[in-house]
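These are the residues of each chain, in order.
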Amino acid sequence: MHKLLNFSALASLTVLLSTNAPLYAQGHEEHGHKGHEHIITVHEDVEVHGERFPETENEEGDYDPTPVIMHHIQDAHSFHIYGEGHEAVSVPLPVILWTEKGLVTFMSSEFHHDSHGHHVVEKKGMYFVNYHEDIFQLERPDETLTLDEEGHPTNTQPLDFSITKNVFTLFLACILLFLIFGTAARKYKNAGHKVPRGIASFVEPLVVYVRDDIAKANVGEKKHEKYMPYLLTLFFLIWVINLMGLIPFFPFSANLTGNIAFTMSLAVIAMFVVSFSGGKAYWKHIFFPKPWGVWPILMPIEFASNVIIKFFALMIRLFANITAGHIIVLSLISLVFIFQSVGMAAVAVPFALFISVLELLVAALQAYIFTLLVALFIGQAVADDHH
Amino acid sequence: MSFAAIGAGLAVIGAGIGIGQVGGRAMEGIARQPEASGKIQTAMIIAAALVEGAALFGIVVSLIA
């Protein structure tokens with residue numbers, strides 16, 4: 001059995017992950033701070049907000065699920081278990097920042113559940129706040145964040161290499177895959193000519209499926225072997241992360257494949273793989289498409305579609321599918337709060353369950369489609385000239 | 001926000017028509033030639049993914065807007 005997994009790509013993924021631009025802006029609310037820290041941080045100094053939080057209400061005072069949903073599909077610096085604001089119970093994760101004074105590390109519990117830029121953490125004479133899970137640096141401790149017209153802070157942002165929820169999920173997926181495939185590979189080594197048992201007999205049909213129906217069918221009989229480690233890594237990594245995103249308890253449904261930075265890393269790697277496997281015929285087809293009369297129009301189109309748009313579509317497809325799945329489940333659960341009745345749960349929960357089960361299918365399907373399309377693009381790139 | 005929702009709805013109409021066509025024709029193809037169902041399924045999924053990808057561009061734009 002050939003080398004199953006090639007994880008060298010993953011190091012670059014994690015680096016790209018942590019420089020993740022804020023996609024959504026929300027309104028903010030006022031808080032005062034004091035609190036305790038444990039490994040699980042619980043805050044007793046509850047601020048009286050009334051029954052509901054101003055952030056989750058629209059102008060007419062109705063419940064607005066959008067901020068809650070956006071918060072749930074975003075990356076976070078802690079595992080949020082339950083509760084709102086200062087009552088929240090969460091598991092903190094390490095914050096790792098690279099500033100002009102070097103490396104700064106602390107646990108996210110020092111923010112005291114604040115993600116509105118109010119609680120200032122002082123380290124090495126620098127002041128940090130958490131604004132919607134992005135870390136910003138302040139000049140003075142009494143300073144507040146300055147927002148531009150669109151609500152994005154203009155303060156300096158240190159390079160954030162934190163082990164966030166998404167990064168943790170990626171690490172967990174890597175460890176899981178190493179364990180599964182390491183064990184499987186060892187079983188094959190030890191089994192000799194006998195049929196391997198246990199985990200190996202579970203992964204074998206999947207590996208053979210990827211080899212026969214994805215790699216051989218699209219890359220080609222002769223050249224597929226070289227791409228097997230990459231294609232298997234893609235398929236199993238995306239699948240496992242998609243499935244882990246559906247687990248509401250540990251690892252707390254991190255929306256990793258629904259993070260555009262992550263899917264972009266996958267797409268960029270795919271772009272390099274396809275571009276570097278492209279032979280003379282492939283590049284000739286892109287730069288000198290026939291007939292010559294339409295060359296000035298055709299060349300840019302061929303170039304954009306083969307080098308950029310294909311991979312842009314890969315990025316958007318995975319991101320949007322997984323994010324949409326998470327949004328639908330959260331929207332259905334939000335129905336209970338929109339209608340303000342427990343009875344609604346009788347409708348919302350079965351629907352959410354149905355969508356969750358559908359998402360199990362989507363998790364595998366998106367992993368399959370991503371791998372299949374990458375294999376197809378590689379196949380186009382390595383194909384011999386037929387003209 | 002409501003305009004974004006209309007945009008999302010329009011994108012979904014497009015995807016619905018597209019994937020409906022792809023799925024329907026694949027069904028016809030499989031009914032006519034059941035032995036080719038494996039190949040037809042693969043081609044169907046690729047085509048459906050491409051249609052869906054175009055619709056998702058619209059959804060993402062309406063999500064951001």
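Please refer to the structure higher up on the page.
Summary of the structure given here. (Residues numbered from 1 in each chain as written. Chains lettered and ligands numbered in written order. Predicted model: local features only at pLDDT ≥ 70, side-chain atom pairs only at ≥ 80, totals over all residues. Heavy atoms only, no water.)

1. Remarks on the nonpolar core
At step 1: Ranked by internal contacts, the top residues of the largest apolar core, which has 62 residues, are Leu231, Phe236 and Val374 of chain A.
At step 2: At the level of elements, helix H3 (165-191), helix H4 (199-218), helix H5 (224-244), helix H6 (260-277), helix H7 (280-287), helix H8 (295-338) and helix H9 (345-382) of chain A together with helix H2 (37-64) of chain B are the ones that each hand at least two residues to this core.
At step 3: The dominant element in this core, judged by the number of residues it contributes, is H5 of chain A, at 14 residues.
At step 4: Excluding anything up to four places from it in sequence, phenylalanine 236 of chain A contacts Leu177, Phe181, Leu206 and Val207 of chain A.
At step 5: In this structure, Val95, Leu97, Phe106 and Ile135 of chain A belong to the second largest nonpolar core, which totals nine residues. (Core = buried A, V, L, I, M, F, W, Y, C linked by side-chain atoms within 4.5 Å. Buried < 20%, exposed > 50% of the residue type's maximum accessible area, 1.4 Å probe, protein only. Helix = DSSP H or I, 4+ residues; strand = E, 2+ residues; numbered from the N terminus. Contact = heavy atoms within 4.5 Å.)

2. Structural notes on the sheet that holds strand S8 (residues 159-160) of chain A
Residue and element names in this part refer to chain A.
At step 1: What the three strands build is an open sheet, ordered S4-S3-S8; its pairing is antiparallel. Whereas interior strands pair on both sides, the edge strands pair on one side only; in this sheet they are strand S4 (102-107) and S8.
At step 2: Of the strand pairs in this sheet, strand S3 (residues 94-99) and S8 are connected by two bridges, and their pairing is antiparallel. Looking across to S8, one finds that tryptophan 98 is bridged to leucine 159. (Pairing = 2+ DSSP bridges.)

3. Quick word on the packing of H8 of chain A against H9 of chain A
All names here are of chain A.
At step 1: Contact geometry for H8 and H9: axes closest at 9 Å, N-to-C directions at 175°. Looking at the two axes, H8 sits roughly antiparallel to H9.
At step 2: Partitioning the contact of H8 with H9 into residue classes produces 21 nonpolar, five polar and three charged. (Axes fitted to C-alpha atoms, helices over the stretch in contact; angles between N-to-C directions. Parallel < 35°, antiparallel > 145°, perpendicular 65-115°, else oblique. Nonpolar A, V, L, I, M, F, W, Y, C, P; charged D, E, K, R; others polar.)

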